[in-house]
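Coordinates in review
Chain by chain, the residues run as shown.
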Amino acid sequence: LDAPYVEYSGDVPADKRPGLVEQLQGEFAKIAEEDIATTIESWPRARAEAELNKVQQNFDFNVFKDPEIRIVGVANYLCPCGGTHVRSTR
């Protein structure tokens, strides 16, 4: 893939897939209407791995080469920077 992205680990069980895209689109539309500002921070790799993977191992930090990881926050959800983001949800 020749574009910015963040790769997630895991899968969605087959019985949960029907209607999931529509459900997610609806939830994201609500967030967009709230005009929530995004945040961008730089964290040491150890902190990023510890905090962002503490509940579930969603992010593979081996893809990042720098010791500092850019972390983007939207609506109180944090993730490693995939390279492209906006200033707010609106």
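All values reported here derive from a predicted model rather than from experimental measurement.

Turning our eyes to something else, we now look at the environment of Gly 82. Mapped onto the elements, Gly 82 comes out in the segment after strand 3 (77-80). Considered as a pair, Gly 82 and Ile 71 are 11 residues apart in the sequence and their alpha carbons are 9.1 Å apart.

Side chains that are nonpolar tend, in soluble globular proteins, to be buried together. Grouped together as the largest cluster of nonpolar side chains are seven residues: Trp 43, Ala 48, Leu 52, Phe 59, Phe 61, Ile 69 and Ile 71. Apart from residues lying up to four places away in sequence, Phe 61 is in contact with Arg 45, Ala 48, Glu 49, Leu 52, Asn 53, Ile 69 and Pro 80.

For the rest of this paragraph, the subject is the sheet that holds strand 1 (residues 38-44). If you trace the three strands from one edge of the open sheet to the other, you get 1-2-3, paired in antiparallel fashion. Each having just a single partner strand, strand 1 and strand 3 make up the two edges of the open sheet. The sheet shows a mean angle of 30 degrees between the axes of neighbouring strands, taken without regard to direction. Bridge count for strand 2 (residues 68-74) against strand 3 is four bridges, and the pairing is antiparallel.

Time to look at the side chain of Asn 53. Turning to its location among the elements, Asn 53 is positioned in the loop between helix 2 (45-52) and strand 2. Residue classification places Asn 53 among the buried positions, given a relative accessible area of 6%. A polar atom in the side chain of Asn 53 sits 2.9 Å from the backbone oxygen of Phe 59.

This part covers unusual backbone geometry. The residue Asp 35 is not glycine, and still its phi comes out positive at about 55 degrees. Tracing the sequence through the fold places Asp 35 in the loop between helix 1 (20-33) and strand 1. Judged by its relative accessible area of 39%, Asp 35 falls in the partly exposed class.

As a further point, take the pattern of salt bridges. Counted under the stated rule, the structure contains two salt bridges. Measuring nitrogen to oxygen at the nearest pair gives 3.3 Å for the salt bridge that ties Lys 30 to Glu 27. Pair noted here: Lys 30 and Glu 27 are both in helix 1, with a separation of three residues, about one helical turn. Among the residues examined, Glu 27 registers a relative accessible area of 40% and is labelled partly exposed. Ionic pairing is found between Glu 51 and Arg 47, a salt bridge with its closest N-O pair at 2.9 Å. Of this pair, Glu 51 and Arg 47 both sit in helix 2, four residues apart, which is roughly one turn of that helix. We classify Glu 51 as partly exposed; its relative accessible area is 36%.

What counts and what doesn't
- Residues numbered from 1 in each chain as written.
- Predicted model: local features only at pLDDT ≥ 70, side-chain atom pairs only at ≥ 80, totals over all residues.
- Heavy atoms only, no water.
- Helix = DSSP H or I, 4+ residues; strand = E, 2+ residues; numbered from the N terminus.
- Core = buried A, V, L, I, M, F, W, Y, C linked by side-chain atoms within 4.5 Å.
- Buried < 20%, exposed > 50% of the residue type's maximum accessible area, 1.4 Å probe, protein only.
- Contact = heavy atoms within 4.5 Å.
- Pairing = 2+ DSSP bridges.
- Axes fitted to C-alpha atoms, helices over the stretch in contact; angles between N-to-C directions.
- Polar contact = N/O pair within 3.5 Å; in protein donor to acceptor, adjacent residues only side chain to side chain.
- Salt bridge = Lys/Arg side-chain N within 4 Å of Asp/Glu carboxyl O.

By themselves, these observations are geometric and do not establish any function.
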